[in-house]
Amino acid sequence: MSSPSKRREMDLMKLMMNDYKVEMINDGMQEFYVHFHGPADSPYHGGVWKLRVELPDAYPYKSPSIGFVNKIYHPNVDEMSGSVCLDVINQTWSPMFDLVNVFEVFLPQLLLYPNASDPLNGEAAALMMRDKPSYEQRVKEYCEKYAKAEDVGALPEEKSSDEELSEDEYDSGDDDMAAGPVDP
């Protein structure tokens, strides 16, 4: 790729071509939301999360910033801010990775294999180590309470990015909203 802006554009298009719902936050391609579904064979299955993605000016040479907007119960996700503790995003990022890797490999792996020894949510880590069935039940409760498709505006059919927003969708998209969780 000849420039970071072309790479951003290409990675964003690849994400949309892989059937991820993407909502742009502003006119640029640096900040957007992505709807992410919990992986099958995990207690997160059936959950849908809105993740805020910010691409730095130096992307892909610098990693994206990724945070959960709606609450998730996970040892490596801060419950209040939605920040994600994931080495491949925070420390070992490579320009060879792209956004599809993040959403199809890195985040599903994080949900399938939490690292309780490096927690951002100490309570979740302790419960997971002490009583895994109770931890999985709490995960499912959070999915039911905070991660339903209708809560993040996910629709069964994908909208193309050039369709007009309805008035309700427009009103709900505050540009100055923090990337932290949203309580219903």
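Provided above is the structure to which this section pertains.
Residues numbered from 1 in each chain as written. Predicted model: local features only at pLDDT ≥ 70, side-chain atom pairs only at ≥ 80, totals over all residues. Heavy atoms only, no water.

Visitor: Help me get a handle on the sheet that holds strand β2 (residues 31-37), residues and values and all.
Guide: Spatially, β1-β2-β3-β4 is the arrangement adopted by the four strands of the open sheet, whose pairing is antiparallel. The sheet terminates laterally at β1 (22-24) and β4 (65-68), the two strands that pair on one side only. Geometrically, the sheet is characterised by an average inter-axis angle of 25 degrees between neighbouring strands, direction not taken into account. Relative to β1, helix α1 (residues 4-17) is tilted by about 140 degrees, and along the sheet it contacts β1 and β2. Its contacts with the sheet put helix α3 (residues 99-112) on β2, β3 (48-54) and β4, and the angle it makes with β2 is roughly 50 degrees. (Pairing = 2+ DSSP bridges. Helix = DSSP H or I, 4+ residues; strand = E, 2+ residues; numbered from the N terminus. Axes fitted to C-alpha atoms, helices over the stretch in contact; angles between N-to-C directions. Contact = heavy atoms within 4.5 Å.)

Visitor: Mind laying out unusual backbone geometry, listing which residues take part and the relevant values?
Guide: Looking along the chain, the bond that leaves Tyr59 and enters Pro60 is cis, with omega of 10 degrees. Among the secondary structure elements, Pro60 is positioned in the loop between β3 and β4. Phi angles above zero are rare outside glycine, and Asp19 is one such case at about 65 degrees. With respect to the element layout, Asp19 can be found in the loop between α1 and β1. The phi dihedral of Asp41 is positive, around 60 degrees, even though this residue is not glycine. For Asp41, the position within the fold is in the loop between β2 and β3. Asp41 sits in the exposed class, given a relative accessible area of 79%. (Buried < 20%, exposed > 50% of the residue type's maximum accessible area, 1.4 Å probe, protein only.)

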